Amino acid sequence: MTQNALAELLAGWLPAQRWFAGSGATVRQIGLSSDVMLADGDPELRHLIADVWIGEEKVSYQVPVGIRAELPPFLNSAAIGRLPDGRMAYDGARDPALASVLLRGICEQRQAGPLRFVRAPDAVIDAAAPARALPALASNTSIVFGERVILKVLRRPFTGHHPDLEVPAALARMGSCLVAAPRGWIEMPGSGQIADVQDQVAEPEPVVLAILSDFFANASDGWSLATASVDEAGPGFAGQAGELGQATARMHAEMAAAFGTSVLSVYAVKDLTDAMTTELRRAIRIVPKLNEYAAGIRDCYAALAEPDTQVPVQRIHGDYHLAQVLHTGQGWVVLDFEGEPSVPLARRRAFAPALRDVAGMLRSFDYAGRHQALRHPEDRELQYRSVRWVRECQDAFSTGYAKVAGTDPAASGPLLRALVLQKAVYEAVYEASHRPDWLPIPLAAIAEASR
């Protein structure tokens with residue numbers, strides 16, 4: 001069987017996947033830069049790195065391909081296509097039998113071609129734990145083993161230290177209970193040479209392919225808890241929001257201790273405000289309604305350029321919202337430190353204002369409340385209750401954050417307001433492109449905040 005046959009099948013299958021960049025785009029060319037046999041027989045498992053060209057842009061994807069003589073019914077939805085020899089190729093990450101090959105590789109610290117399977121020091125892993133794939137997400141495929149650990153398969157791997165491994169590992173080493181501790185990972189060498197601090201040629205940085213972490217089987221995600229509480233006439237979500245604020249401040253303190261801090265120079269602040277203004281200008285082309293609020297937004301951004309404005313920066317989560325946190329019954333746990341998968345790793349690992357995470361969570365509370373009200377526009381009581389719910393949760397979160405950090409985010413001057421508006425502008429573009437029915441949510445917030 002040739003690589004060409006697999007590449008041709010992938011050319012038709014990849015654009016239909018949720019994690020494929022450029023939905024609806026036509027693949028101009030596809031090649032396999034890596035093809036490693038991880039299991040032979042029936043089923044067979046081949047680990048592929050597929051390089052896809054759309055126009056002049058190349059994007060690489062990780063595809064564990066399973067091959068069987070015939071697919072069992074439960075794998076029909078994972079089918080990629082039939083090969084010239086009559087066997088069926090399919091997404092191997094969806095097959096429990098083949099997913100277990102990956103787990104065993106980590107347990108055994110296997111080396112297969114360029115693939116390196118790593119078990120974290122002192123990690124205890126049940127190599128025989130049953131596997132189940134979780135529903136498809138936008139950028140990754142996740143597999144749970146024995147309800148104890150979860151393997152996140154990164155569909156769009158990049159060369160460099162991956163923040164979703166780097167940050168939880170660093171915080172777990174410090175004894176943090178706020179993260180899912182990594183138990184292992186899969187990697188391969190990156191391309192190109194990296195110079196070390198003595199200007200000597202060092203080994204290339206790795207490409208992290210998958211991360212095995214603790215799994216919290218009985219936890220509930222923040223979004224589900226929050227949206228359910230909007231509809232209830234009970235005590236609401238303010239208490240949990242306050243606890244989340246405290247957890248967020250502890251997370252920022254731990255990240256500062258692990259990676260350090262800095263303060264933006266006057267020139268860097270100017271670069272920040274210029275970037276915000278450029279984003280707004282591009283957003284208006286996509287969402288013309290934003291032009292009605294543009295003057296107020298620009299004034300808010302410009303306030304950051306005042307000479308006495310201090311902007312402390314550090315490593316942050318970068319994509320912080322209610323769906324990224326779990327309530328375990330013993331407190332909050334933060335997930336998914338990888339940031340936006342389409343953004344280069346260097347930018348995702350760069351220092352940024354910690355208040356950017358605060359702004360993200362404040363916007364997430366607003367989304368939870370307005371989303372529920374948007375579903376039932378005729379329910380005036382729900383409209384009133386949702387507005388009150390958002391205000392109470394945002395206030396409780398900020399108060400909780402202040403208890404740990406010592407400073408109230410609401411008293412941060414123009415920075416938090418600018419970051420909240422920047423986030424809402426981003427949301428408006430996203431909703432206009434993907435969920436137009438939700439566009440009123442960020443637009444309403446922008447209208448209120450830019451007055």
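Predicted, not measured: the structure shown is a model, and the values here were computed from it.

(A) Region of interest: the packing of helix α6 (residues 266-286) against helix α7 (residues 294-302). Contact pair α6 / α7: the axes reach a minimum separation of 10 Å and the direction vectors enclose 165°. Comparing the axis directions of α6 and α7 gives the class roughly antiparallel. Relative to α7, α6 is oriented so that their crossing is right-handed. Of the residues in α7, those in contact with Thr273, Met276, Thr277, Leu280 and Ile284 of α6 are Ala294, Ile297, Arg298 and Tyr301. Classifying every residue of the contact of α6 with α7 gives six nonpolar, two polar and one charged.

(B) How the structure looks around the confidence of the model for the protein chain. Overall, the predicted model of the protein chain reaches an average pLDDT of 91, with 94% of residues at or above 70. Per-residue pLDDT stays below 50 along residues 192-201; that stretch engages in 12 contacts with residues further than four places along the chain or on separate chains.

(C) Looking closely at the packing of helix α4 (residues 222-230) against helix α9 (residues 355-375). For the pair α4 and α9, the least separation of the axes is 9 Å and the interaxial angle reads 45°. Considering their axes alone, α4 and α9 lie oblique with respect to each other. Relative to α9, α4 is oriented so that their crossing is right-handed. Along the contact surface, α4 presents Trp223, Ala226, Thr227 and Val230, while α9 presents Ser364, Tyr367, Ala368, Gly369, His371 and Gln372. Counted by class, the contact of α4 with α9 contains five nonpolar, five polar and no charged residues.

(D) Examining the sheet that holds strand β5 (residues 88-91) more closely. Read from one edge to the other, the open sheet built from five strands follows the order β1-β2-β3-β5-β4, with strand pairing classed as antiparallel. Where the open sheet ends on each side, the last strands, each with one partner, are β1 (29-39) and β4 (79-82). For this sheet the average axis-to-axis angle between neighbouring strands, irrespective of direction, equals 30°. Across nine bridges, β1 lies against strand β2 (residues 44-54) in antiparallel orientation. Bridged to Ser34 within β2 is Ile49. Helix α1 (residues 3-13) rests against β1, β2, β3 (57-68), β4 and β5 of the sheet, and its axis sits at about 115° to β1. Relative to β2, helix α2 (residues 96-108) is tilted by about 90°, and along the sheet it contacts β1, β2, β3 and β5.

(E) How the structure looks around the pairing of strand β9 (residues 140-145). Within β9, six of the six residues are buried, leaving the element largely enclosed by the surrounding structure. A two-sided burial pattern is seen for β9, the buried positions comprising Asn140, Ser142 and Val144 on one face and Thr141, Ile143 and Phe145 on the other. Judged from the three bridges that link them, strand β8 (residues 131-133) and β9 form a sheet pairing that is antiparallel. Looking across to β9, one finds that Arg132 is bridged to Val144. Note that β9 and strand β10 (residues 149-154) share six bridges and pair antiparallel. Across the sheet, Thr141 pairs through a bridge with Val153, a residue of β10. Counting the residues that bridge the hairpin from β9 to β10 gives three residues, and of these Gly146 lies at a positive phi of roughly 60°.

(F) Just a positive patch on the surface, in detail. Among the surface-exposed residues, Arg281, Arg282, Arg285 and Arg298 lie close enough to one another that they form a single positively charged patch. When residues in the positive patch are grouped by element, the largest group, three residues, is from α6. Topologically, Arg298 is positioned in helix α7. Taking the relative accessible area as the measure of exposure, Arg298 reaches 37% and is therefore partly exposed.

(G) Just the nonpolar core, in detail. By size, the foremost hydrophobic cluster in this structure holds 65 residues, and its most contacted members are Phe237, Leu244, Leu290, Phe365 and Trp389. Among the elements that take part in this core, helix α11 (residues 414-434) stands out by supplying eight residues, more than any other. Leu244 has contacts with Tyr320, Leu322, Val325, Trp332, Met361, Phe365 and Phe397, leaving out every residue within four places of it along the chain. By size, the runner-up hydrophobic cluster in this structure holds 37 residues, among which are Val36, Ala99, Phe117 and Ala131.

Cut-offs applied
Residues numbered from 1 in each chain as written. Predicted model: local features only at pLDDT ≥ 70, side-chain atom pairs only at ≥ 80, totals over all residues. Heavy atoms only, no water. Axes fitted to C-alpha atoms, helices over the stretch in contact; angles between N-to-C directions. Helix = DSSP H or I, 4+ residues; strand = E, 2+ residues; numbered from the N terminus. Parallel < 35°, antiparallel > 145°, perpendicular 65-115°, else oblique. Left-handed = near helix turned anticlockwise from the far one by under 90°. Contact = heavy atoms within 4.5 Å. Nonpolar A, V, L, I, M, F, W, Y, C, P; charged D, E, K, R; others polar. pLDDT = per-residue confidence, 0-100. Pairing = 2+ DSSP bridges. Buried < 20%, exposed > 50% of the residue type's maximum accessible area, 1.4 Å probe, protein only. Patch = residues over 30% accessible without salt bridge, like charges linked within 9 Å, V, L, I, M, F, W, Y side chains within 5 Å. Areas by Shrake-Rupley, 256 points an atom, 1.4 Å probe, with all protein chains shown as cover. Salt bridge = Lys/Arg side-chain N within 4 Å of Asp/Glu carboxyl O. Lys, Arg positive; Asp, Glu negative; His and termini not counted. Charge placed at Lys NZ, Arg CZ, Asp CG, Glu CD. Core = buried A, V, L, I, M, F, W, Y, C linked by side-chain atoms within 4.5 Å.

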